[in-house]
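# Structure at a glance
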Amino acid sequence: MNNRISLSRYLVEQQRSKGHIPAELRLLLEVVARACKSISHAVNKGALGGVLGSADRENVQGEVQKKLDIIANEVLIEANEWGGHLAAMASEEMDSIYLVPNRYPQGEYLLLFDPLDGSSNIDVNVSIGTIFSVLRKPEASASVTEQDFLQSGRHQVAAGYCIYGPQTTLVLTVGDGVAMFTLDREQGSFVLTQENITIPADTKEFAINMSNMRHWAEPVRRYIDECLQGKEGPRGKDFNMRWIASMVADVHRILTRGGVFMYPWDKREPHKAGKLRLMYEASPMGWIVEQAGGAAINGQERILDITPQHLHQRVSVMLGSKNEVERLRQFHASI
Ligand code: P6P
């Protein structure tokens, strides 16, 4: 008898014991999980499904969209718009917010997502993933506007990602720690495979795109330089480097064995705070990392304390093992 706990049972039992997952939120999370299953199925088809390659159009970020970016976005919209648990959605792949059509009941939640993060890896068969964040619709607002989405990461009621790799794994927090659910393809459902995940406070592994080194600000250059000096340098230990160019995969490794992930501001586009997006990449990942005992900053302040000024706002990101992130914060404070 399979004694694994399903995602649905976990959510029901968490609500019974902690009261953080009202029925509407549980419904939303179950729908998102089912959408991720569909996305996983499309991703796994690869060339056989005619889903690889470019869609020959750009998203709001000015990036060429992959076919799977659009498929994943459509799967999430179609899965979530009719259930009555959402008022509106926002996506990396859409310029403006998506209001739940009037033909469906309106709910109290707002869902934000990067439908397929790391899509530059799709055509080379490297892990990619979906990142999502859930906010409450402000009480007062009758009809939802973009302004209703502009809440700091502290206001999230749920955050998670689904990584499409050798396993398809859903990682979720509702503010009571972090749990992982692996897709059991024979049962067709996500089952609990780890909970109360903890990131080690120290590490010997950093993740950053080293080709940008000459463009970084001094505190970042100092931190990485010390790591590269290894045993002979001020850190007194050797470091290893990983860079998958898929935030979901790099964060998943850090949740699993510690490490620090960095996509800092650099002088290539000085008017941009960073490459990654605050609302549907850094905030959900930052909350997950904090819930696992890690830390997430933009160099100066906690990611979750940043109040967005616009939906697709970018941010400098440093997250992972808390002692490493604190070292980075001190280096930024001392300039
Ligand atoms: P680069 C993927 O496009 C992404 O948004 C993150 O998932 C990833 O960490 C980063 O960009 C990779 O950026 O400049 O190394 O290709």
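Quick caveat: nothing in here was measured; it's all calculated off a predicted structure.

What counts and how
- Residues numbered from 1 in each chain as written.
- Predicted model: local features only at pLDDT ≥ 70, side-chain atom pairs only at ≥ 80, totals over all residues.
- Heavy atoms only, no water.
- Core = buried A, V, L, I, M, F, W, Y, C linked by side-chain atoms within 4.5 Å.
- Buried < 20%, exposed > 50% of the residue type's maximum accessible area, 1.4 Å probe, protein only.
- Helix = DSSP H or I, 4+ residues; strand = E, 2+ residues; numbered from the N terminus.
- Contact = heavy atoms within 4.5 Å.
- Pairing = 2+ DSSP bridges.
- Domains from an automatic or database assignment.
- Buried area = accessible area lost by both parts, 1.4 Å probe.
- Near = heavy atom within 4 Å.
- Polar contact = N/O pair within 3.5 Å; in protein donor to acceptor, adjacent residues only side chain to side chain.
- Areas by Shrake-Rupley, 256 points an atom, 1.4 Å probe, with all protein chains shown as cover.
- Nonpolar A, V, L, I, M, F, W, Y, C, P; charged D, E, K, R; others polar.
- Phe/Tyr/Trp six-rings, centres within 6.5 Å; stacked < 30°, edge-to-face > 60°.
- Lys NZ or Arg CZ within 6 Å of the ring centre and 35° of its normal.

## Regarding the nonpolar core
Counting 45 residues, the largest nonpolar core has Leu-25, Leu-111, Leu-116 and Phe-181 as its most contacted members. Per element, the largest residue contribution to this core is 11 residues, and it comes from helix α2 (residues 23-45). In this structure, Leu-25 is in contact with His-20, Tyr-109, Val-134, Val-157 and Ala-158, ignoring residues within four places of it in sequence. With 33 residues, the next largest nonpolar core counts Val-178, Met-247, Phe-261 and Ala-292 among its residues.

## Quick look at the pairing of strand β6 (residues 128-136)
For a regular strand, side chains alternate in direction, first toward one face of the sheet and then toward the other. Of all 9 residues in β6, 8 are buried, a share of seventy percent or more. Strand direction decides the pairing type here: strand β5 (residues 109-117) and β6, joined by 7 bridges, are antiparallel. Across the sheet, the residue bridging to Leu-112 is Ser-133, located in β6. With 7 bridges joining them, β6 and strand β7 (residues 158-164) adopt antiparallel strand pairing. Counterpart to Ile-128 in the pairing with β7 is Tyr-164.

## Description of the domain arrangement of the protein chain
Many structure descriptions define interface size as the accessible area lost when the parts assemble. Per the domain assignment, the segments making up the protein chain are domain 1 (7-194) and domain 2 (205-333). Listed by partner, the interface residues are 49 residues for domain 1 and 33 residues for domain 2. Of the roughly 2,900 Å² buried where domain 1 meets domain 2, counting both sides, 64% is carbon and sulfur surface. Counting the surface domain 1 buries against domain 2, the share from its top three residues, Ile-131, Leu-150 and Tyr-161, is 19%.

## Things to note about the site of the ligand
Contacts to the ligand come from Asp-117, Gly-118, Asn-209, Trp-243, Ala-245, Ser-246, Met-247, Phe-261, Tyr-263, Lys-275, Leu-276 and Glu-281. Side-chain polar atom of Asp-117 to an oxygen atom of the ligand: 2.7 Å apart, as the coordinates give it. Protein chains shield 84% of the accessible area of the ligand, which is 400 Å² for the free molecule. A per-class count over the shell around the ligand returns 6 nonpolar, 3 polar and 3 charged.

## So, the packing of aromatic side chains
One pass over the structure, following the stated rule, counts 3 aromatic pairs. Judged by centre distance (5.4 Å) and plane angle (20 degrees), the rings of Trp-243 and Phe-261 are stacked. Here Phe-261 lies in strand β13 (residues 260-263) and Trp-243 lies in the loop between β12 (240-241) and α6 (247-257), a separation of 18 residues in the sequence. With 5.9 Å between their ring centres and 50 degrees between their planes, Trp-243 and Tyr-263 make a pair best called tilted. With Trp-243 in the loop between β12 and α6 and Tyr-263 in strand β13, this residue pair connects regions lying 20 residues apart in the sequence. Each residue in the set Trp-243, Phe-261 and Tyr-263 is aromatic and connected to the rest through ring pairs, giving one cluster. Residue placement shows Arg-222 over the ring face of Phe-331; its charged tip is 3.8 Å from the ring centre.

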